[in-house]
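Here is what each chain is made of, one letter per residue.
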Amino acid sequence: MMDLSAYRDIFIEELNDQLERMDQSLLALELSPSVELVQTLFRAAHTIKGSASTMDFRELSDLTHEVEYALEWVREKKPEMTSELIDTLFRSLDAMKVLRDQYIRGEAYADFRAVVREIKDLIQTPAVVGQLKVPQLQPAESIVAQVAIVSGKQLLSIHIVLEQKCMMKAARYHILRQRIEEICGTVVATSLMESQPGAQNEDDHYGQFIIIVATSKDTQQLKAELSSDSDIHMLEIDPYLLESNEVAATSAPIELISETEQTKQSLPTVNTTGPDEKVKAAQPTVRVSVERLDHLMNLVGELLIDQTSLADLSGSGARKESSPLIRSISGVSDHMGRVIKELQEGVMKTRMLPIDQLFSRFPRLVRDLSQKLGKDLELVIQGGETELDRMIIEELSDPLIHLIRNSADHGIENAEVRAENGKPSKGRITLTSFHEENHVVIRYSDDGKGIDGEKIKASALGKGIISEEQAARLTTQEAVHLIFEPGFSTASSVSEVSGRGVGMDIVRSQIGRLNGIIDIDTEVGVGTTFTIRLPLTLAIIKGLLVKVSGRVLILPMYNVAEIVRISPEDIQMIQGQQAILNHGRIVPFHRLCDRLNYPRTDRKSKTIPLVIVRSVDKIAAYAVDEIIGNQEVVIKTLGTYLGAMNHLSGATILGNGKVALILDASYLVSL
């Protein structure tokens, strides 16, 4: 038997794409039923069934066959898109996802016979006994098929299910086979139902069958000619592509057209645009392993380090002498810098994905929450084309899910309360993304009741999260950020959706791990907006080089809010803690050398260089000995052999060959 493990990753990736396509199409179908959406769902289910069968994943193949059968019924009968029908299709899709996850983890497969019965009850059709396999061509049949392809014909698979009440199914099968041969010209192969052990009626062996034909007629024309037969319950016509082993099985010297051309000839054309619209040609794409992209990024990083070293060498040489050789080296260094910059941008773009790949998961979540909570909710997505590093996109999933769940449960009022406040009955959640300088901004907002800072403060005080002294010095706006504290919740009871006091803490920790910043803008009775700012990528960053106790350290520039100089008199003691006033805001003050347990150095200048660092919702000011400047640096992981180094996010190699440590801003501001 052929080893299929080499194709496992490709299968899983394709499966994820098709399941996501089905999810989005079902959501769209619920809002606006259309034949095109049903066709999209059917094609996706058919693709999954075929690929799962190829991978010998019979559990998924069988379940998807029932889903495909239900979609065929929807396509043919055009029933009303009731909530019962949509919910059943969603439950079927969820079952397919569960099977996928169990396949990935290597677990035993769940029993979904109840889901299958639900599908059959919905479309009111009896179960088809036995399994029907698409026929695999024998060598002689393969030769006939290849000759037909070369002569300009296409191969089609005609799947027919006879009505249960049809008498003399065997006779009807032979009549239909002869009729198909007359219409198409060549019948290449056939496949009948497998006889079941102990079956009483051998006639059921002919209850459904597949006939492979070679024909010059298109799918719609064939369907029109065959569907008039009253004994046909289901008729499905699809392209049939020769498998590689079927081609290899023949020794006839036949010149075969490429699989791409065969596909073009055999696939039916579906016009989904108006008469004045032009169909855009799909851009060719290549799937590349993430490990390969990471390797390319590492190589680009090494080149960047070498280019920085070369620039330092040419700069130091130019200061000592101005020979033509030094000037030539400087020119080469500048050119190399430009090329590496373009190469770096190119490799980074290959790691970028539209954030819509993340946002597209949430309409289903909002729909389910709407039904579970009994609230009318809508999700508006804007800026889905904004691109972000694929690693960051995956890490963003949990924080946004928690924001949505909290908005749906706590933030957005029920219809009666909204009506009393003059709001529309439908609550709105808006997700927006856009680029801003070297950051990606994600703005999440709802039009709910907003966050009352005073209530938050009282709740935190009652739960012991803050003390009376801390509560007294918190402003209303600062109190709002207490929702990020571990264990904080204003819910009176724990529900399936929220109320355990863990969600918003996850939001802060995840955003902090991504070197992001989060702001809250809220107004009681109007709504709440969370603004998240994230770096484009975590592989190569722009860093601020500072000197502390004779050591060069690096702070990520996207965590640097401001660089200032202060005099010692500007440092104040506020409630037993050193702090400074920055634009009217009290900011905790620390010496970076003390935080890192480095010895203090004698200060010669009358002023103190200060770096104001932000991470998530917190801010702090750190005194350093010297501000060196900023440059792009490549983050190198430190590995596990150094143990827990929470204050460091990595290291880099400077142009002079020395190693500089990169500080973790989120850890520093949390001290």
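Details of the structure are given in the entry above.
Everything numeric here is computed off the predicted structure, so don't read it as measured data.

Reading guide: rules and limits
- Residues numbered from 1 in each chain as written.
- Predicted model: local features only at pLDDT ≥ 70, side-chain atom pairs only at ≥ 80, totals over all residues.
- Heavy atoms only, no water.
- Pairing = 2+ DSSP bridges.
- Helix = DSSP H or I, 4+ residues; strand = E, 2+ residues; numbered from the N terminus.
- Axes fitted to C-alpha atoms, helices over the stretch in contact; angles between N-to-C directions.
- Contact = heavy atoms within 4.5 Å.
- Parallel < 35°, antiparallel > 145°, perpendicular 65-115°, else oblique.
- Left-handed = near helix turned anticlockwise from the far one by under 90°.
- Nonpolar A, V, L, I, M, F, W, Y, C, P; charged D, E, K, R; others polar.
- Salt bridge = Lys/Arg side-chain N within 4 Å of Asp/Glu carboxyl O.
- Buried < 20%, exposed > 50% of the residue type's maximum accessible area, 1.4 Å probe, protein only.
- Expected span 1.5 Å × (residues − 1).
- Arc of directions from axis to C-beta.
- Core = buried A, V, L, I, M, F, W, Y, C linked by side-chain atoms within 4.5 Å.
- Phe/Tyr/Trp six-rings, centres within 6.5 Å; stacked < 30°, edge-to-face > 60°.
- Lys NZ or Arg CZ within 6 Å of the ring centre and 35° of its normal.

Undergrad: Help me understand the sheet that holds strand β4 (residues 232-239) in this model?
TA: Hydrogen bonds along the backbone pair up the strands of a sheet, which may run parallel or antiparallel. Reading across from one edge, β2-β3-β1-β4 is the order of the 4 strands in this open sheet, with antiparallel pairing throughout. The open sheet has two free edges, formed respectively by β2 (186-192) and β4, since each of these has just one partner strand. Strand after strand, the sheet turns through a mean of 20 degrees between neighbouring axes, direction not considered. Note: strand β1 (residues 154-162) against strand β3 (residues 208-215), 8 bridges, orientation antiparallel. From the neighbouring strand, V161 faces β3, where its bridge partner is Q208. Where helix α3 (residues 58-77) meets the sheet, its contacts fall on β1 and β4, and the angle it forms with β4 comes to roughly 110 degrees. In the packing of helix α6 (residues 139-150) onto the sheet, the strands contacted are β1, β2 and β3, and the crossing angle to β2 comes to about 135 degrees.

Undergrad: Before we go on, may I ask you to explain the packing of helix α1 (residues 8-31) against helix α14 (residues 362-373) in this structure?
TA: Axis separation between α1 and α14 bottoms out at 9 Å; the angle between their running directions is 50 degrees. Regarding the angle of α1 to α14, the classification is oblique. Crossing angle aside, the handedness with which α1 passes α14 is left-handed. Residues D23, Q24, L27 and E30 of α1 touch α14, and the partners they reach there are P363, R364 and R367. Of the residues in the contact of α1 with α14, the class split is 2 nonpolar, 1 polar and 4 charged.

Undergrad: Help me out: how do you make sense of the pattern of salt bridges in this one?
TA: Under the definition given, this model contains 26 salt bridges. Taking the shortest distance from any N to any O, the salt bridge between D447 and R418 comes out at 2.8 Å. With D447 in the loop between β9 (439-446) and α17 (453-462) and R418 in helix α16 (residues 415-420), the pair connects residues that are 29 residues apart, well separated along the chain. A single salt-bridge network, built from bridges that share partners, covers D23, E30, D87, D94, K97, R364, R367 and D368.

Undergrad: In this structure, what is going on with the environment of I608? I would like to understand it.
TA: Tracing the backbone through its elements, the reader meets I608 in strand β18 (residues 608-615). For the pair I608 and I566, spaced 42 residues apart in sequence, the C-alpha separation works out to 5.3 Å. Ignoring any residue separated from it by four or fewer positions in sequence, one finds I608 in contact with V564, R565, I566, P568, I571, R591, R603 and A623.

Undergrad: Hey, could you run me through unusual backbone geometry in this one?
TA: What is expected of a backbone is that most residues other than glycine have negative phi and most peptide bonds are trans. Of note in the backbone geometry, S549 takes a positive phi value of approximately 55 degrees without being a glycine. With respect to the helices and strands, the residue S549 is situated in the loop between β12 (540-548) and β13 (551-556). Judged by relative accessible area, which is 13%, S549 ranks as buried. Phi at H583 takes a positive value of approximately 55 degrees, unusual for a residue other than glycine. Its location among the elements puts H583 in the loop between β16 (577-582) and β17 (585-591). Relative accessible area serves as the criterion here: at 68%, H583 is assigned to the exposed category.

Undergrad: Help me understand helix α7 (residues 169-184), please; the structure alone is not making it clear to me.
TA: Given 3.6 residues per helical turn, the α-helix brings residues three or four places apart onto the same face. Across its 16 residues, α7 extends 22 Å between first and last C-alpha, which sits within 8% of the 22 Å expected from 1.5 Å per residue. Inspection of α7 places K169, A170, Y173, L176, I180, I183 and C184 among the buried residues, and these make up the whole buried set. All buried residues of α7 lie within an arc of 145 degrees about the axis, which places them on one face of the element. Positive backbone phi, approximately 105 degrees, marks G185, located one or two places after α7.

Undergrad: Would you explain the pairing of β9 in this entry?
TA: In summary, the side chains of a regular strand alternate between the two faces of the sheet. Across the 8 residues that make up β9, a large majority, 7, are buried. Bridging between strand β8 (residues 427-436) and β9 involves 8 bridges; their strand directions are antiparallel. Across the sheet, residue T432 finds its bridge partner in β9, namely R443. Where β8 hands over to β9, the hairpin turn is made up of 2 residues, of which E437 adopts a positive phi near 55 degrees. As paired elements, β9 and strand β11 (residues 527-535) share 8 bridges and run antiparallel to each other. Across the sheet, V441 pairs through a bridge with R533, a residue of β11.

Undergrad: What's the story with the pairing of β3 in this structure? I'm lost.
TA: Burial analysis of β3 places 8 of its 8 residues in the buried class, which makes it a mostly covered element. The alternating pattern of β3 places Q208, I210, I212 and A214 and F209, I211, V213 and T215 on opposite faces, both of which are buried. When β2 meets β3, the two strands line up antiparallel, connected through 6 bridges. In the strand pairing of β3, S191 is matched with I210.

Undergrad: Would you mind going over the nonpolar core with me for this structure?
TA: The tendency in soluble globular proteins is for nonpolar side chains to be buried as a group. Judged by nonpolar contacts, the single largest core of 44 residues is most densely connected at F362, L396, L400, I442, I483 and F530. Ranked by residues supplied to this core, first place goes to helix α15 (residues 390-411) with 7 residues. In contact with I442, not counting residues within four places along its chain, are I355, F359, L396, L400, L431, T432, S433, F530, T531, I532 and L534. F11, F42, A70 and F112 belong to the second-largest nonpolar core, a separate cluster that totals 38 residues.

Undergrad: Mind showing me how you'd approach the packing of aromatic side chains here?
TA: Aromatic rings considered in pairs are described by the distance between their centres and by the relative angle of their planes. All chains considered together, the criterion is met by 7 aromatic pairs. When the ring of F11 is compared with that of Y103, the centres are 5.5 Å apart and the planes differ by 80 degrees; the resulting orientation is edge-to-face. With F11 in helix α1 and Y103 in helix α4 (residues 83-105), this pair connects stretches of sequence that are 92 residues apart. For the residue pair F11 and Y103, the accessibility class agrees, reading buried in each case. Between Y173 and Y206, the aromatic rings sit 5.3 Å apart at their centres with planes inclined by 40 degrees, giving tilted as the arrangement. Of this pair, Y173 sits in helix α7 while Y206 sits in the loop between β2 and β3, and the two are 33 residues apart along the sequence. Each of the two residues, Y173 as well as Y206, counts as buried. Chaining the aromatic ring pairs together yields one cluster made of F11, F57, Y103 and Y109. Its guanidinium or amino end placed over the ring of Y103, R8 lies 4.7 Å from that ring's centre, counting from NZ or CZ. Geometry around Y598 places R551 over its ring, the cationic atom sitting 4.2 Å from the centre.

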